[in-house]
Amino acid sequence: MARSGPSGRGHRGVPHTADLRIEAWAPSREACVAEAVAGLVEGFADVSGVRRLRTVELDVPPGPDEDLLVSALDEVIFRLEVEGEIVLDAGFAPAVGGGLTARLTVGDVVEATAVGAVPKAVSLHGLRFGVAPDGGGWSCAVTIDV
């Protein structure tokens, strides 16, 4: 399923053998990470009936852009597996030193409806994240092991 917004940002799942492949795009690096998070969650759950519990703020440490993307997606999987929380909304802002500040709105995972296999880990194989080839924003592609 592809989802695009009027702001030139969006995401979609791409057919991939036994895993979830996500492509996302947005005008900024931070918005592209948020779109990838939305694509990850939509790949395995319908959260339309999930109540918001709280907003979690955290720092994603500085590093290469690909590492920032992987760290953000790993946090979503960690919250799911360890905290029993599902991310309902994600926002990212640049942080001092090149990292990201994340604001994740979460709900109780038991209120979500499963629509796909639960993610286990972010694969580094085929990982891509950077300025879009046309120079019109940022894009990424990532595979999630399920």
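Up top is the structure.
Described below are features of the structure shown in this document.

### Some words on the sheet that holds strand 7 (residues 100-108)
Here's step 1: Within the open sheet, the 3 strands sit side by side as 5-7-6. Their pairing is antiparallel. If you trace the sheet from one side to the other, it starts and ends with strand 5 (52-60) and strand 6 (85-94), each paired once. Direction aside, the axes of adjacent strands within the sheet are offset by 20 degrees on average.
Here's step 2: Across 8 bridges, strand 5 lies against strand 7 in antiparallel orientation. Bridge assignment links Asp59 to a residue of strand 7, and that residue is Thr101.
Here's step 3: Taken strand by strand, helix 1 (residues 29-42) contacts strand 6 and strand 7, and its axis lies near 170 degrees from that of strand 6.
Here's step 4: Strands in contact with helix 2 (residues 65-83) are strand 5, strand 6 and strand 7; relative to strand 5, the strand with the most contacts, it is inclined by about 140 degrees.

### What to know about the nonpolar core
Here's step 1: Counting residues in each nonpolar core, the largest one holds 42 residues, and the members touching the most others are Leu73, Phe92 and Ile144.
Here's step 2: Elements that contribute at least two residues to this core include exactly strand 3 (19-26), helix 1, strand 5, helix 2, strand 6, strand 7, strand 9 (121-131) and strand 10 (138-145).
Here's step 3: Each residue touching Phe92, except ones within four places of it in the same chain, is listed here: Glu30, Val33, Ala34, Val37, Ala72, Leu100, Thr101, Ala102 and Leu104.

### A few points about helix 2
Here's step 1: Counted at 1.5 Å a residue, the expected span for helix 2 with its 19 residues is 27 Å, and the 26 Å between its end C-alpha atoms agrees.
Here's step 2: Of the residues making up helix 2, those classed as buried are Leu68, Leu69, Val70, Ala72, Leu73, Glu75, Val76, Ile77, Arg79 and Leu80.
Here's step 3: Here the buried face of helix 2 lies against helix 1, strand 5, strand 6, strand 7, strand 9 and strand 10.

### Re the pairing of strand 10
Here's step 1: Of all 8 residues in strand 10, 7 are buried; the element is thus mostly enclosed.
Here's step 2: Where strand 3 and strand 10 come together, 8 bridges link them in antiparallel fashion. Residue pairing for strand 10: Arg21 is matched across the bridge by Thr143.
Here's step 3: By the bridge criterion, 7 bridges tie strand 9 to strand 10 in an arrangement that is antiparallel. By the bridge assignment for strand 10, Val131 is matched with Trp138.
Here's step 4: Between strand 9 and strand 10, which follow one another and run antiparallel, lie 6 residues, and Gly135 among them has a positive phi close to 75 degrees.

### Regarding the pairing of strand 6
Here's step 1: Here 9 bridges tie strand 6 to strand 7, and the two strands are oriented antiparallel to one another. If you follow Glu85 over to strand 7, its bridge partner there is Asp108.
Here's step 2: Linking two consecutive strands that pair antiparallel, namely strand 6 and strand 7, is a turn of 5 residues; a positive phi of about 90 degrees is found at Gly97 within it.

Criteria and cut-off values
Residues numbered from 1 in each chain as written. Predicted model: local features only at pLDDT ≥ 70, side-chain atom pairs only at ≥ 80, totals over all residues. Heavy atoms only, no water. Pairing = 2+ DSSP bridges. Helix = DSSP H or I, 4+ residues; strand = E, 2+ residues; numbered from the N terminus. Axes fitted to C-alpha atoms, helices over the stretch in contact; angles between N-to-C directions. Contact = heavy atoms within 4.5 Å. Core = buried A, V, L, I, M, F, W, Y, C linked by side-chain atoms within 4.5 Å. Buried < 20%, exposed > 50% of the residue type's maximum accessible area, 1.4 Å probe, protein only. Expected span 1.5 Å × (residues − 1).

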